[in-house]
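Structure at a glance
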There are 4 protein chains.
Amino acid sequence: MSLINVGVIGYGYWGPNLVRNFIALSDTEVLAVSDCRIECLNQVLAHYPYISVTTKFEDLLQNSKIDAIVIATPASTHFSLALAALQAGKHVLVSKPLASSSHQAFQLIEEADRRNLVLMVDHTFIYSGAVCKIRELINNKKLGNIHYYDSVRINLGLFQPDVNVIWDLAVHDLAIINYVLPYQPVAVSLLGMSHTSSSHENIAYLTLLFDTNLIAHIHVNWLAPMKIRRTLICGDEKMIVYDDLETSSKVKIYDQGIILTNKTDNTDKMVVDYRRGDVFSPKLDLTEPLYLEIQHFIDCIKNNKMPITNAKTGLQVISILEGANQSIREEGKLIKLKESKMG
Amino acid sequence: MSLINVGVIGYGYWGPNLVRNFIALSDTEVLAVSDCRIECLNQVLAHYPYISVTTKFEDLLQNSKIDAIVIATPASTHFSLALAALQAGKHVLVSKPLASSSHQAFQLIEEADRRNLVLMVDHTFIYSGAVCKIRELINNKKLGNIHYYDSVRINLGLFQPDVNVIWDLAVHDLAIINYVLPYQPVAVSLLGMSHTSSSHENIAYLTLLFDTNLIAHIHVNWLAPMKIRRTLICGDEKMIVYDDLETSSKVKIYDQGIILTNKTDNTDKMVVDYRRGDVFSPKLDLTEPLYLEIQHFIDCIKNNKMPITNAKTGLQVISILEGANQSIREEGKLIKLKESKMG
Amino acid sequence: MSLINVGVIGYGYWGPNLVRNFIALSDTEVLAVSDCRIECLNQVLAHYPYISVTTKFEDLLQNSKIDAIVIATPASTHFSLALAALQAGKHVLVSKPLASSSHQAFQLIEEADRRNLVLMVDHTFIYSGAVCKIRELINNKKLGNIHYYDSVRINLGLFQPDVNVIWDLAVHDLAIINYVLPYQPVAVSLLGMSHTSSSHENIAYLTLLFDTNLIAHIHVNWLAPMKIRRTLICGDEKMIVYDDLETSSKVKIYDQGIILTNKTDNTDKMVVDYRRGDVFSPKLDLTEPLYLEIQHFIDCIKNNKMPITNAKTGLQVISILEGANQSIREEGKLIKLKESKMG
Amino acid sequence: MSLINVGVIGYGYWGPNLVRNFIALSDTEVLAVSDCRIECLNQVLAHYPYISVTTKFEDLLQNSKIDAIVIATPASTHFSLALAALQAGKHVLVSKPLASSSHQAFQLIEEADRRNLVLMVDHTFIYSGAVCKIRELINNKKLGNIHYYDSVRINLGLFQPDVNVIWDLAVHDLAIINYVLPYQPVAVSLLGMSHTSSSHENIAYLTLLFDTNLIAHIHVNWLAPMKIRRTLICGDEKMIVYDDLETSSKVKIYDQGIILTNKTDNTDKMVVDYRRGDVFSPKLDLTEPLYLEIQHFIDCIKNNKMPITNAKTGLQVISILEGANQSIREEGKLIKLKESKMG
């Protein structure tokens, strides 16, 4: 199995990026693309006339030459397509979120396990130089105790037809939190609002609590005047600013913080002093994250490995999203998160 | 009463700015400053040797030449000092927040009313060119229906000894919301965290709901790697970015948004399209807001006027802060706000 | 001639962008690509297996199905390739600069005229929404009298093997100046430096004088710590900042300037006052400039039109570059520019 | 002489900053301020009623209690006022530029030497944390060989009545170059333009050449849409961006550059490769530079020391300005700089 043959379902916003990167890999070939929209298939043909196209995804599943199915369709279809692909004996890379419920995610995990197939979620940011560097810094205790994680991920568009802004955008932050922080959240609160006739929130504020005095907060928004992709991660020794829109210096490490001392007047009161130091912006691997991700996907298939962004991490993210759904139905009430049974 | 004589209580961080601006006004004189810290009084003398100084604020209240008392002390002392000053027959300008509870605020309002004295809260931002322009834009319906108000007010320091970051920083946003939005919030939720041995939160996320589908959110933080002072105000016709750290172009108006149409295929589904247009940054009055504020204070004294930032607006802000206090005690539960009885 | 068949010579940095855009046009087809480097041809095949490739550009010239030749090779080869293509009866789109001397440019112009072929220079910026808007503003006298044009175009790389940074980067600014300003420069001065063993300057400062009191200055640099693409255009009524790295708001119009009055004390001295007003950022056409450019190229071929960036504008740019070459040889001496004989 | 008594001539734009800082020093006292404008003296009295004021600077020179004279008047008066002050036996701190010609500067140096008085130029930037850090980096060879120094110092205003923008703004850069670079310039070229009825240029481009392959370039401009204060200093090992408008991270050190190798194909051609690494922003001393400067002035008086920004450095700056004056009269011709006879 030296050459992996791939079929891609969905050629809308993200599909073209997937196809482009699979083509750039030397040991994969994109045999076929399916999409229910003829105009999208015409786009495939305009650029890659040698790729087969079809309006029926079933054609891909039935194609015995295809080893792996890549799913880049609306979120509500992920589960059924991924399940069908696994049942057809294909390895699967599915766009985020993995499924629409943790129950569905469990089913997919079981199906992949039973058939010994690779099931990977496309949490692209996990493969970026910036997020890898942040994980390394936190793992090496460079930040000290983590105090908070604060992310703002906003811009104008793209309103999704079948999920709210949390399931579309906050899922990125939840995957990053899952990957870089050494703790799992224990409770979630969500408040948000829809400004269309749809019931899907287009602005939302999600808060996560942990067993330590760590707080995480995510602001996601499809209706913002400007694009912001900025995360602050604060430890008691160092603080990180991760601005994904910066072309260079995406990650800045601030060697600053507070110094707490007791007052000398026996009043037991605390004095807060401030420490300001250097700012350091490490060199990052600038390879396109999606390229590294699909390289890893192919490697997992060839060598029967568990992907970094495996289905269990996808499930952990969905569990939080489900808690968030419940919270917003109960006016932002703090919802306890159960430990994933798969943990 | 052509010359108003002023006494200032508190000469720490904010007091020097107040004294400097009162001195710049032609129709006021700063007669005396009190502070319990000798080193602060020495600062007064170094710059203004002709101003009387004292460690006892009572000296200022008993000085019959003093017409108005300006209070720039820690928040927990505002109520008792303001009450004493009113009882001594002085007009009062008090730093934000007006008091530590709505009950206290009521008492101050009654005392000022009974004695026909001016009682004004130092909500400085209300007098800035940026906030005045934003109010004008909203009043003139330039934004259309307001969808959300989102503020980030973060930096490293200054930890306050007697209040949390909400009572210190979010109070600015609450005063601005009160001034520029045509609605009063009906519910509040607060989550936050302390990272010191103190019980006062140094990071907090406050959400306000209204009777319309407007949501307001405020992120305040004393432990941030960088300083941000940015507010997004989104209407269905235009969107504002107000960045107080910009030296020019503090207010930018984006003529953009979404266009909602129904699908033509009888499915009743909605299509979201995007509208992008010009960006406009209006010229702003750049006069120092504090200067305009104390000018207004003196004008209210001389002409027996009600200040813009009067004690009732101070009370409205405190009512929200009290709701927020209750919310955080109940794990971020959404707390209904009672209509102010004074409304 | 409804479908224009194109051959592309050179598939290095810029060639792939040309091919991609020609493919996106419905009425053109890319029949063949030539490059002397096998690895570049392999890149073509990887993405477009249906395009013919060859290491010999002569194959393209001899291919009678090819209507137009696009040249994207190093600058020193532009003249001979363009001449050969014209002589083979092909329409030509040649990368900037058009040729290595004005003498060569004349020859190309004559050859194209004689054969009634389209000869167009790839001055891509001329087709950008930003530059078009700036031209419109200046044409409509929105800026008043133009005082200066100041451009900084710097970054790390890409060192060209056969031209200096002026012939590589300043050529963009000279094309823009030629297009947006209502005047032609009358003199040029150039100072610069090489920091490699090559004689080609990698940093240079070019100044242009005009018959009016307008001054233009261009800083180009291949050895800069950060990327800057910013042009200031100042008139006595309004000023423009054009920052090509901004994703939105590339063009900002500042309604500000100075007000000159004579002193009232009969001393004949001038008082300078400052006027600050609104800042306005107009909506721009965001279509990829290269797409609009090649669309225009095809339109010129089909309808026998003179291109906007025709060979005479290419010649005007080269005349200035030649003056600049002379200036730097004479230690930055101001060199008078002759009026182009073709004017 | 434990307390140094100071008299300040000129209370326009810069004078108030000088007075404020002298007052903040414990071992100095501002005895008197002179200015020919009554409204300026009223400003002094409004803030510092205990300082004597006068419209005649001679009063200060004749006041035997005054040890040191600080001159903050228009540039054309610096020489005569400084000379008179020295002749009256006073130590002198004079605003930049030291004088209007090198001849005048020589006279001042001789007068101060003869009388053993401190004569210091107010080149404020030399005392900033940023410039000190840059000097330290260059002295410690952190940048390698210096390739270029490029400064942009532009904004709207303040047009000076008696000097051009070079003598007003470029003087800062010349002082910094003199302080941080290990070489003296050997030639200067200047081109610029006036856009008022005055003959003083309001926009200018100054280029300096050195004995090594180092080039320095300064763009100064009183008529710019935006304020920029940015200097690039490029060495073959590291590059610096110094942005004085940044509130934090004023100095950034980029560990990047080019790598030159010869082609392996025996053609003797050079291949340029690029090296990109970390970016580092060192902690800087944030003390107000003017405070450190006058502290140093007082220290020099008390301990009979030679100031860092002594009159000879002031003379070196003026020599370049004179060369620049000559260059612009000769259309930007490169003017050789004589070595200062005082060197």
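Preceding this section is the structure that the text describes.
Residues numbered from 1 in each chain as written. Chains lettered and ligands numbered in written order. Predicted model: local features only at pLDDT ≥ 70, side-chain atom pairs only at ≥ 80, totals over all residues. Heavy atoms only, no water.

1. So, the overall build of chain A
Quick reminder of the rule: In DSSP terms, a helix is any run of H or I states spanning at least four residues, a strand is any run of E spanning at least two, and both are numbered starting from the N terminus. Here the radius of gyration uses the C-alpha set of atoms, whereas the globule reference equals 2.2 Å times the residue count to the power 0.38. Should any heavy atoms of two residues lie within 4.5 Å, those residues are counted as being in contact. For every accessible area listed, the method is Shrake-Rupley and the probe measures 1.4 Å; residues are considered covered only by the protein chains on display.
Check the secondary structure of chain A and you find nine helices and 17 strands. What you see for chain A is a C-alpha radius of gyration of 22 Å, in line with the 20 Å of a compact globule of 343 residues. Oriented by its inertia axes, the alpha-carbon framework of chain A measures out at about 80 × 45 × 40 Å. Across chain A, contacts joining residues at least 24 apart in sequence account for 67% of those joining residues at least 6 apart. Accessible surface for chain A amounts to roughly 13900 Å². Of this, 48% is attributable to carbon and sulfur atoms.

2. Digging into the relation of the copies chain D and chain C
As a reminder of what qualifies: Copy-to-copy superposition: least squares on the C-alpha atoms, limited to residues that have pLDDT of at least 70 in both copies.
For the pair chain D and chain C, the best superposition has an RMSD of 0.0 Å and corresponds to a rotation of 180° with a translation of 0.0 Å parallel to the axis. Given the turn and translation reported, the copies of this chain are related as if by a two-fold rotation axis. The position closest to the rotation axis in chain D is occupied by the C-alpha of Lys333 of chain D, lying 2.7 Å away. Mapped onto chain C, 100% of the interface residues of chain D are again interface residues, and the two copies thus contact each other with one and the same surface.

3. So, the packing of aromatic side chains
Counted only if it meets this: Two rings from Phe, Tyr or Trp (for Trp, the six-membered ring) form a pair when their centres sit within 6.5 Å of each other. Planes less than 30 degrees apart are called stacked, planes more than 60 degrees apart edge-to-face, and all others tilted. Three exposure classes are used, based on accessible area relative to the maximum for each residue type with a 1.4 Å probe and protein chains only: buried under 20%, partly exposed in between, and exposed over 50%. Placement of a charge over a ring requires the Lys NZ or Arg CZ to be within 6 Å of the ring centre, with the centre-to-atom vector within 35 degrees of the ring normal.
Applying the stated rule across the entire model yields 18 aromatic pairs over all chains. Seen from their ring centres, Tyr48 of chain C and Tyr50 of chain C are 6.3 Å apart, and the 80° between their planes marks the pair as edge-to-face. Under the relative-accessibility criterion, Tyr48 of chain C is labelled buried at 8%. Each member of the aromatic cluster is reached from another via a ring pair, and the members are Phe159 and Trp222 of chain A together with Tyr274 of chain B. The aromatic ring of Phe125 of chain B is capped on one face by Arg153 of chain B, whose charged end is 4.8 Å from the ring centroid. Over the aromatic face of Tyr179 of chain C sits the side chain of Arg135 of chain C, whose NZ or CZ is 4.2 Å from the ring centroid.

4. Some details on the sheet that holds strand 1 (residues 4-9) of chain B
Residue and element names in this part refer to chain B. Definition in use: One bridge is not enough; two strands pair if DSSP finds at least two bridges between them. Think of each axis as a best-fit line through the C-alpha atoms, taken over the contacting stretch in the case of a helix, with angles from 0 to 180 degrees between the N-to-C directions.
Taking strand neighbours across the sheet as the criterion, the six strands line up as 3-2-1-4-5-6 in an open arrangement whose pairing is parallel. The open sheet has two edge strands with one neighbour each: strand 3 (52-54) and strand 6 (119-122). Pairs of neighbouring strands in the sheet enclose a mean axial angle of 20°, with direction left out of account. Running over the sheet, helix 2 (residues 38-47) touches strand 2 (28-34) and strand 3 and is turned about 175° from strand 3.

5. Details of the interface of chain D and chain C
The following threshold applies: Note: buried area is the sum, over both parts, of the accessible area (probe 1.4 Å) each one loses when the two are combined. A pairing counts as a salt bridge when a side-chain nitrogen of Lys or Arg comes within 4 Å of a carboxyl oxygen of Asp or Glu. Polar contact criterion, stated in full: a pair of N or O atoms within 3.5 Å, where within protein one must be able to donate a hydrogen and the other to accept it, and residues adjacent in sequence count only if both atoms are side-chain atoms. Each residue gets one label: Ala, Val, Leu, Ile, Met, Phe, Trp, Tyr, Cys and Pro are nonpolar, Asp, Glu, Lys and Arg are charged, and the others, such as Gly, are polar.
With 52 residues of chain D at the contact, the number on the chain C side is 52 residues. The largest contributions to the chain D side of the interface with chain C come from Leu156, His195 and Pro225 of chain D, which together make up 15% of the buried area. For the pair chain D and chain C, the interface holds zero salt bridges. Run the count over chain D and chain C and you get 19 residue pairs in polar contact (both at pLDDT 80 or more). Residue assignment for the side of chain D that touches chain C shows that the elements contributing at least two residues are strand 7 (146-156), strand 8 (187-193), strand 9 (203-209), strand 10 (215-221), strand 11 (223-235), strand 12 (239-243), strand 14 (257-262) and strand 15 (270-275) of chain D. Top contributing element to the side of chain D that touches chain C by residue count: strand 11 of chain D, with eight residues. A breakdown of the residues in the side of chain D that touches chain C according to their chemical character gives 29 nonpolar, 17 polar and six charged.

6. Some thoughts on the relation of the copies chain A and chain B
Screw-axis analysis of chain A against chain B gives a translation of 0.0 Å along the axis, an RMSD of 0.0 Å, and a rotation angle of 180°. The share of interface residues of chain A whose copies in chain B are also at the interface is 100%, consistent with both copies meeting through the same surface.

7. Here we look at helix 5 (residues 102-115) of chain A
The periodicity of an α-helix, 3.6 residues per turn, causes residues three or four positions apart to be oriented the same way. Residue and element names in this part refer to chain A. The line we're drawing: A helix is expected to span 1.5 Å multiplied by its residue count minus one.
Helix length check: helix 5 (14 residues) gives 20 Å between terminal C-alpha atoms against 20 Å at 1.5 Å per residue, within 8%. Residues of helix 5 that are buried include every one of Ser102, Gln104, Ala105, Phe106, Leu108, Ile109, Glu111 and Ala112, and no others. On its buried side, helix 5 packs onto helix 4 (78-87), strand 6 (119-122) and helix 9 (311-329). Two residues or fewer past helix 5, Asn116 is found with a positive phi of approximately 55°.

8. Brief notes about the pairing of strand 1 of chain B
Residues and elements named next belong to chain B. Judged by how many residues are buried, strand 1 sits mostly within the fold: six of six residues are covered. Along strand 1, one buried face is formed by Ile4, Val6 and Val8 and the opposite face, lined by Asn5, Gly7 and Ile9, is buried too. One ladder, built from six bridges, connects strand 1 with strand 2; its direction is parallel. Note that in strand 2 the partner of Ile9 across the bridge is Ser34. Pairing geometry for strand 1 and strand 4 (residues 68-71), over four bridges, is parallel. Bridge assignment links Val8 to a residue of strand 4, and that residue is Val70.

9. Here we look at the sheet that holds strand 3 (residues 52-54) of chain D
All names here are of chain D. Reading across the sheet, the six strands line up as 3-2-1-4-5-6 and stay open at both edges, with parallel pairing between neighbours. Across the chains shown, the open sheet's two edge strands, defined by having one partner strand only, are strand 3 and strand 6 (119-122). Taken over all neighbouring pairs, the strand axes of this sheet differ in orientation by 20° on average, direction set aside. Note: strand 5 (residues 91-95) against strand 6, four bridges, orientation parallel. Bridge pairing in strand 6 places Ser95 opposite Asp122.

10. A word on the state of the cysteines
Residue and element names in this part refer to chain C. Formally: Cysteine sulfur atoms are paired as a disulfide whenever they fall within 2.5 Å.
On inspection of all chains with the given rule, the structure shows zero disulfides over all chains. The structure places no disulfide on Cys300, whose sulfur is separated from the nearest cysteine sulfur, that of Cys132, by 14 Å. Taking relative accessible area as the criterion, Cys300 reaches 0% and is therefore assigned buried.

11. Details of the interface of chain A and chain B
Counting residues at the interface gives 52 residues for chain A, matched by 52 residues for chain B. Summed over the three residues of chain A that lose the most area to chain B, namely Leu156, His195 and Pro225 of chain A, the buried surface amounts to 15% of that side. On inspection of chain A and its partner chain B, the count reaches zero salt bridges. Our count for the contact surface shared by chain A and chain B stands at 20 residue pairs in polar contact (both at pLDDT 80 or more). Elements with a minimum of two residues in the side of chain A that touches chain B: strand 7 (146-156), strand 8 (187-193), strand 9 (203-209), strand 10 (215-221), strand 11 (223-235), strand 12 (239-243), strand 14 (257-262) and strand 15 (270-275) of chain A. Sorting elements by how many residues they give to the side of chain A that touches chain B places strand 11 of chain A first, with eight residues. When the residues that make up the side of chain A that touches chain B are grouped by side-chain class, the tally is 29 nonpolar, 17 polar and six charged.

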